[in-house]
Amino acid sequence: MRILIIGFGTVGRALATLLEESRAQLRAQHGLDPTIVGVVDSRGGVVSGNELAASELLVAKKSARGLAGMPGGIAGPLDAVRLIRESVADCVVQVVPSELSAPGAAIDQLKAAFTSRKHAVTATKAPLGVAMSELLGVAARSGVQLRYSATVGAGTPFLDLAASVSRSDRIERVEAILNGTTNFILSSMDEGRSYSEALAEATHLGYAETDPSNDVDGVDTAVKLVILANHAMRARKTFADARVQGIRGVTADQVTAAKGAGKVIRLIGRIDDAGLRVGPEEVEKGGVLDLPGATNAAVFTTATCGTVTLRGSGAGGANTASAIVRDLVEIWRTK
Ligand code: HSE
């Protein structure tokens, strides 16, 4: 399977590394041999008919000229849509920053993949936050797949679990922590660290979005609720349907007061009869939503099976790359 990667930040680089590391396993277990035939980032790119070595891409990325310095490299900014259309790739992997206020370019990239008969795997949430139904429709009509496991919970398979439960049951309610950055900040504040210190560390660890206001203002959680509702609850929501409040207003005094009452403050996303909501809430200390660091969790209340809960690490380059590889395997198995 020939792959064109659009975006080469934390996740794109982790993906190149993981594809290299898991080569033998993917071949032995699935007969899948993913080869990178192009990478485009904000500074330029390299597109080839043949395999590009992950190690060389990673070295070039760090060099002064970036990917453009590789043999066959081109200085940017490049027209990603044209490169997608003209590429020999079978699948486009989109790992560009999620810009909810300007999702057009990312949407166009996905449509270009579909209309040129390429599958797409995206870890970029914005296109799904505003145009998920439309994009799935274009992919289906073009006879290709759009997969997006990485968009919710990174490597922890919230979407797969929810879809599996929904196959015979109905998810009536979801209560979740779906943003690693804000959970990292709030749990660090529990331990007495400052908001800004914790945000800087979350950014350093590769948890935060390129624009971390998406995390702290609750936007990232809201888009994940949209994707979850559409994927597993037969909804057709967009970001505009969500009521959203972030954590900027949470003070050290509030964190201390919550502690005194046996609670912790966490950014909670909810899907229920009242719609999609995101906001800081006090939850039971030691309860299922009192999570450390960048952990995510979702509690699904179902019509028949009662409560089903999943928790796991929800952010980070390698973690997100793992979900992308999972999607590549699924495309390979079901195409
Ligand atoms: N910025 C996101 C988070 C990354 O902190 O959860 C994973 O989607």
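Just above sits the structure.
Residues numbered from 1 in each chain as written. Predicted model: local features only at pLDDT ≥ 70, side-chain atom pairs only at ≥ 80, totals over all residues. Heavy atoms only, no water.

Caption draft 1: Region of the structure containing helix H3 (residues 54-62). If you check which residues of H3 are buried, you get Ala54, Leu57, Ala60 and Lys61. With its buried residues spanning 130° around the axis, H3 presents them on a single face. Exposed residues lying more than 90 degrees from the buried face of H3 are Val59 and Lys62. (Buried < 20%, exposed > 50% of the residue type's maximum accessible area, 1.4 Å probe, protein only. Helix = DSSP H or I, 4+ residues; strand = E, 2+ residues; numbered from the N terminus. Arc of directions from axis to C-beta.)

Caption draft 2: Layout of the packing of helix H6 (residues 126-142) against helix H11 (residues 219-232). Between H6 and H11, the least distance of the axes is 8 Å, while the angle of their chain directions is 25°. Taken together, the axes of H6 and H11 lie roughly parallel to each other. Handedness of the H6/H11 crossing: left-handed. For the pair H6 and H11, contact is made by Leu128, Gly129 and Met132 and by Val223, Val226, Ile227, Asn230 and His231, respectively. Residue composition of the contact of H6 with H11, grouped by class: 5 nonpolar, 3 polar and no charged. (Axes fitted to C-alpha atoms, helices over the stretch in contact; angles between N-to-C directions. Parallel < 35°, antiparallel > 145°, perpendicular 65-115°, else oblique. Left-handed = near helix turned anticlockwise from the far one by under 90°. Contact = heavy atoms within 4.5 Å. Nonpolar A, V, L, I, M, F, W, Y, C, P; charged D, E, K, R; others polar.)

Caption draft 3: Expanded view of the sheet that holds strand S7 (residues 146-147). On the basis of which strands lie adjacent, the open sheet formed by 7 strands has the order S4-S3-S2-S1-S5-S6-S7 and mixed pairing. The two strands at the open ends of the sheet, each matched to only one other strand, are strand S4 (73-75) and S7. For strand S1 (residues 2-6) and strand S2 (residues 35-41), the ladder comprises 5 bridges, and the chain directions are parallel. Residue pairing across strands places Ile3 opposite Ile36, the latter belonging to S2. On top of the sheet, helix H5 (residues 104-115) reaches S1, strand S5 (91-94), strand S6 (119-122) and S7; it is set at about 150° to S6, its chief contact. (Pairing = 2+ DSSP bridges.)

Caption draft 4: Up close: the pairing of strand S12 (residues 295-302). Within S12, 8 of the 8 residues are buried, leaving the element largely enclosed by the surrounding structure. Burial of S12 is two-sided: the residues Thr295, Ala297, Val299 and Thr301 facing one way and the residues Asn296, Ala298, Phe300 and Thr302 facing the other way are all buried. In this structure, strand S8 (residues 171-177) lies alongside S12, joined through 6 bridges in antiparallel fashion. When the sheet's bridge partners are listed, Arg173 is paired in S12 with Thr301. In this antiparallel pair of consecutive strands, S12 and strand S13 (residues 307-313), the connection spans 4 residues, and Gly306 shows a positive phi of 75°.

Caption draft 5: Focus on the nonpolar core. In this structure, Phe114 and Leu146 are the most contacted members of the largest nonpolar core, which totals 68 residues. Top contributing element to this core by residue count: H11, with 9 residues. Those residues in contact with Leu146 that sit more than four places away from it in its chain are Leu110, Phe114, Ala120, Thr122, Leu128, Leu135, Leu136 and Ala139. Judged by nonpolar contacts, the second largest core, of 33 residues, contains Leu52, Met70, Ala321 and Val329. (Core = buried A, V, L, I, M, F, W, Y, C linked by side-chain atoms within 4.5 Å.)

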